[in-house]
Amino acid sequence: MTKPVAIPEPRQPVLARPSDTFARLTPLGWTGGLIFIVALLAASFILAGYFVVYWRTADMDFMVVYSALLLNDGQPAFFPHPAYFTVLGVKLWFQVLHQLNLLDTSSLSRMPPATDRLAFDAAMTSVIRAARVVAWMTATSFVVVFAGLARWLVRDWRVATLATFAFAFSGGVEFHMRVLRSEMIAGCLIIFALMILIAVSRRGTIWRPLAIAAAAMLCVLGLENKIHAILLIAALPLLILPFGGPASASDEFWSNSARAWLATLTMALVAGLLLRAALPLIALGLDPTTAMPSLHPLLLGKFGVYQLGLLAWIGAGMLTFAMVQRVCLAETFAAIFAVIAGASLGLLALFIEYNPSNVVVVLNPIEEMMTFAGQSAASAIDSGNPFAAIGLFLSGVASVLQRYTFVLFTSPRPTVFLTWLIVPGIVYAWRRGERQTATQSALLMLCAIAIDSLGIRRGLKVEYFIFTDPLIIVAGMVLLDRMNDLRFHRWAYPIGVALVALHIGVSQAEPIKMVTARRGPEGICEWNQYYLPLLPMPWCELPAKRP
């Protein structure tokens, strides 16, 4: 009897597993990658920032330092932006260094006269370098905070690491890391508020109203440092709407129980107390004629018109989200009271170093912005013709799109290269059925384009990138997190390496230009008398030198 012979099955070919691009681009892990990014920032700051001659980036270095020195002398200081926390941070840092015997010139009265050029140069070099350290510490801290919030927003820590790298080496952060400007604090605080709101809009929790209160407070604090932040704040209600989902409904705690309404009542009480404390500031802002008689109302000859419209817009956005995402009535009211509480608490920060002019410009930001607007923008608004303003805006959009190509208009902004992938990524996500993700990313991009289009009126300088670069990065992060499988595409790794190289290379263009510049300090004399009346420069004729 013969036995059947088993015929072995043919061996299946072993297919090579596609390489994971995320793993190859983040070999140091989450903590190691973050340490590496911070170390690169420190190296860049030391090599092209700290040791640069003190007058190289005088606008706004001199203005912020001058205000801090005035405050340390007990004198009032006001700057139109108003750079409130930037000035306070430098002021306190000077005091700390002086107490440690590391800085002799901590106040204006200690500044040597401009007639003693050597002593003046040495003193200004020490205070400007000390102030630049504040800029570097601020930027580094914000990169770390951005990393934490990015990790909260996305499922894959590697996506958060790549987004943090893109943020750290964006044109805005790289510029502000070595220059004292008001935009860094303002832009980042609003972006952090946006990221918090995105996170809590996706999932209902018992603590969501407190997170909303924190976001409202961050918005007001950002506005207090740079009034241009009003544009980002106005965009938040629209940006949050598409981030809701099935998990956005209220937590069980808020299901209209007695405990829920007790929590709502408590939030209302806190909001009322904080609002009452902030009422003197609000009253001053609505009637600024005594503090700043030169300021003129924007609409209907009255102050406070568009501010009320903005509050209504925010309230409408909250109510729309609540209805669409099945948020309980108790939580909806608690969230509204939370916004009032957070915004009022943010306003109370103006009492830290009270100056009526700061209050007026913070509560009337557009009126103050119009005093710095170009002739074309001012004429379009003063004419009362809406088509003139629309035409001006559309021309700004065309100019922004030209800049986003980088080829038609180069700039030290590596984030534009992300737009080359984000825009087709939005189309790809939509066609693949990820329409909510495509909508989220598209709205973030449209907001960035709109704000940049308004910034065109001031030349869309590199300092304004910090308002919109994070929007572009978050848009890319949202897309990449949802379409995680793209990391196995054969072109993913070379594209990723190219983007990393472009971010490092292009972001250093402005610092290198600053180090290698050959121009002198004479241009400072154009504004020295106006912004630094008690701090004459040795090379300027006015203001007069004190003996």
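One structure accompanies this document, and this report is about it. Here the structure is a predicted model, which is why all the values come from computation and not from measurement.

The subject of this paragraph is unusual backbone geometry. In this model, Asp59 is joined to Met60 through a cis peptide bond whose omega is 15°. With an omega of 10°, the peptide bond running from His81 to Pro82 counts as cis. Checked against the element boundaries, Pro82 lands in the loop between α3 (58-72) and α4 (84-99). Even without being glycine, Asn101 reaches a positive phi, approximately 60°. Its location among the elements puts Asn101 in the loop between α4 and α5 (117-153).

The next point concerns the layout of surface pockets. Of the pockets and cavities examined, the largest pocket occupies roughly 1,300 Å³. Lining of the largest pocket is provided by 46 residues; of these, Ala216, Leu311, Ile314, Val339 and Ala343 occupy positions nearest its centre. Of all elements in the fold, only α8 (183-202), α9 (208-225), α10 (230-240), α11 (258-286), α12 (305-324), α13 (329-348) and α14 (356-363) reach the threshold of two or more residues within the lining of the largest pocket. Its residues placed into classes, the lining of the largest pocket shows 37 nonpolar, seven polar and two charged.

This part takes up the pattern of salt bridges. Taken as a whole and judged by the stated rule, the model has 18 salt bridges. Between Arg181 and Asp59 there is a salt bridge, with its nearest N and O atoms 3.9 Å apart. Residue Arg181 is located in the loop between α7 (171-176) and α8, and its partner Asp59 is located in helix α3; the two are separated by 122 residues in the primary sequence. We note a salt bridge from Arg181 to Glu463, for which the minimum N-O separation is 3.6 Å. Taken as a pair, Arg181 in the loop between α7 and α8 and Glu463 in the loop between α19 (435-455) and α20 (465-482) lie far apart in primary sequence, 282 residues in all. For the pair Arg181 and Glu463, one class covers both residues: buried. If you follow the salt bridges from partner to partner, you end up with Asp59, Arg181, Glu183, Lys226, Lys461 and Glu463 in one network.

Here we come to the nonpolar core. Counting 165 residues, the largest nonpolar core has Phe62, Phe94 and Leu471 as the members making the most contacts within it. Ranked by residues supplied to this core, first place goes to α5 with 17 residues. Sequence-distant contacts of Leu471, defined by excluding residues within four places in its chain, comprise Ile191, Leu194, Leu232, Leu239, Leu444, Cys447, Ala448 and Ile451. Formed by six residues, the second largest nonpolar core is a distinct cluster that contains Phe253, Trp254, Ala260 and Cys328.

Together, Val407, Leu408, Phe409, Trp420, Leu421, Trp491 and Ile495 line one region of the surface with nonpolar side chains, adding up to about 720 Å² of accessible area. Tracing the chain through its elements places Ile495 in helix α21 (residues 492-507).

Rules used throughout
Residues numbered from 1 in each chain as written. Predicted model: local features only at pLDDT ≥ 70, side-chain atom pairs only at ≥ 80, totals over all residues. Heavy atoms only, no water. Helix = DSSP H or I, 4+ residues; strand = E, 2+ residues; numbered from the N terminus. 1 Å grid on protein atoms, 1.4 Å probe; cavity = no way out; pocket = protein on both sides within 12 Å on 5 of 7 lines; lining within 4 Å. Points joined across faces, edges and corners; volume = space filled by probe spheres on them. Nonpolar A, V, L, I, M, F, W, Y, C, P; charged D, E, K, R; others polar. Salt bridge = Lys/Arg side-chain N within 4 Å of Asp/Glu carboxyl O. Buried < 20%, exposed > 50% of the residue type's maximum accessible area, 1.4 Å probe, protein only. Core = buried A, V, L, I, M, F, W, Y, C linked by side-chain atoms within 4.5 Å. Contact = heavy atoms within 4.5 Å. Patch = residues over 30% accessible without salt bridge, like charges linked within 9 Å, V, L, I, M, F, W, Y side chains within 5 Å. Areas by Shrake-Rupley, 256 points an atom, 1.4 Å probe, with all protein chains shown as cover.

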